[in-house]
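Structural overview
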Amino acid sequence: SQQGEEDPQALSIQEGENATMNCSYKTSINNLQWYRQNSGRGLVHLILIRSNEREKHSGRLRVTLDTSKKSSSLLITASRAADTASYFCLQGAQKLVFGQGTRLTINP
Amino acid sequence: GAVVSQHPSWVICKSGTSVKIECRSLDFQATTMFWYRQFPKQSLMLMATSNEGSKATYEQGVEKDKFLINHASLTLSTLTVTSAHPEDSSFYICSAEERGLYEQYFGPGTRLTVT
């Protein structure tokens, strides 16, 4: 399977703490995108990082990409209850492949 | 920003009937649209890729005669689930890619329940 892996599968932290999620992939990519999905809803695009970039920021989000290790991480700083959702990485390559996702729960 | 809509947002149908789901890019031209299926608590699985004016490319294990995809214009793609069965009950999501750009814009999804 070309599906990548995300870890952890589930993460529960206190509000205000930082949350880190990782995504590993198997094939060469053009870019990697992170999405958020609230329960039973559509996907919200968070950030896109291209294969020639190593780090990208957007508000409280920080994404890194290590193409040598075929991995990416998403860091959410100063988490809020509203950040509770599932987070997926999408490998942009010849074929689009989603990671398994991380279910993040922020406890107030 | 780019907006993709899906219609209907949810549908309940009887086993054996067909259901059509529409995916529209509202403010951009989508040369490529993608259809995904998501089962509860699982990730999205790509079903097929459709390019405007040509036949869709189906992923392995997806029956093209059961899941009919039509991409008749640069702003509309449809997925028809034919002879639906309860195991087809799922969350179907489409995404659209604007010409020359890599970013995917996702629709809000359609929840299909087959009774």
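Residues numbered from 1 in each chain as written. Chains lettered and ligands numbered in written order. Predicted model: local features only at pLDDT ≥ 70, side-chain atom pairs only at ≥ 80, totals over all residues. Heavy atoms only, no water.

1. What about unusual backbone geometry?
This is how it is decided: Only DSSP runs of H or I with at least four residues qualify as helices, and only runs of E with at least two residues qualify as strands; both kinds are numbered from the N terminus onward. The buried label goes to any residue with under 20% of its type's maximum accessible area, the exposed label to any with over 50%, and the partly exposed label to all in between, with areas taken from a 1.4 Å probe on protein chains only.
With an omega of -5 degrees, the peptide bond running from A:Asp7 to A:Pro8 counts as cis. In this fold, A:Pro8 is placed in the loop between β1 (5-7) and β2 (10-14). Here the bond from B:His7 into B:Pro8 is cis, since omega is 0 degrees, no more than 30 degrees from zero. Within the secondary structure, B:Pro8 sits in the loop between β1 (4-7) and β2 (10-13). The residue B:Lys41 is not glycine, and still its phi comes out positive at about 60 degrees. Relative to the elements of secondary structure, B:Lys41 occurs in the loop between β4 (30-38) and β5 (44-51). A relative accessible area of 77% means that B:Lys41 is categorised as exposed. Although it is not a glycine, B:Ser83 sits at a positive phi angle of roughly 45 degrees. One can find B:Ser83 in the loop between β8 (76-81) and β9 (90-98).

2. Quick word on the pairing of β1(B)
Residue and element names in this part refer to chain B. Our working rule: Only strands joined by at least two bridges in the DSSP assignment are considered to pair.
The two faces of β1 differ: Val4 and Gln6 on one face are buried, but Ser5 and His7 on the other face are not. Sheet topology note: the β1/strand β3 (residues 19-25) ladder contains four bridges and is antiparallel. Paired with histidine 7 across the strands is glutamate 22, a residue of β3.

3. A short note on the packing of aromatic side chains
To keep it simple, the criterion reads: Two rings from Phe, Tyr or Trp (for Trp, the six-membered ring) form a pair when their centres are within 6.5 Å of each other. A pair whose planes differ by under 30 degrees is stacked, one over 60 is edge-to-face, and the rest are tilted.
Under the definition given, this model contains eight aromatic pairs over all chains. The interplanar angle of 90 degrees and the centroid separation of 6.1 Å between the aromatic rings of A:Phe88 and A:Phe98 together place this pair among those described as edge-to-face. With a gap of 10 residues between them, A:Phe88 in strand β9 (residues 85-92) and A:Phe98 in strand β10 (residues 97-98) connect regions that are remote in the sequence. Each member of the pair A:Phe88 and A:Phe98 is classed as buried. Measuring from centroid to centroid gives 6.4 Å for B:Phe67 and B:Tyr92, while their planes differ by 40 degrees, and the two rings are tilted. Taken together, the positions of B:Phe67 in strand β7 (residues 67-73) and B:Tyr92 in strand β9 put the pair 25 residues apart, joining distant regions of the chain. One exposure class covers both B:Phe67 and B:Tyr92, and it is buried.

4. Details of the interface of chain B and chain A
Here is the rule: Residue contacts are defined here by distance: any two heavy atoms, one from each residue, within 4.5 Å place the two residues in contact. Here the quantity called buried area is the total loss of accessible area, with a 1.4 Å probe, experienced by two parts when brought into contact, counted for both. Throughout this description, the term salt bridge denotes a Lys or Arg side-chain nitrogen within 4 Å of a carboxyl oxygen of Asp or Glu. Under this definition, polar contacts are N or O atom pairs within 3.5 Å; protein pairs additionally need one hydrogen-donor-capable and one acceptor-capable atom, and for neighbouring residues in sequence, both atoms have to be side-chain atoms.
On the side of chain A, 21 residues touch chain B, which itself brings 19 residues to the contact. For the pairing of chain B and chain A, the buried interface totals around 1,500 Å² over both sides, and the portion due to carbon and sulfur atoms is 58%. Counting across the chain B and chain A interface gives zero salt bridges. Between the two partners, chain B and chain A, sit five residue pairs in polar contact (both at pLDDT 80 or more).

In short, shape yes, function no, at least from these values alone.
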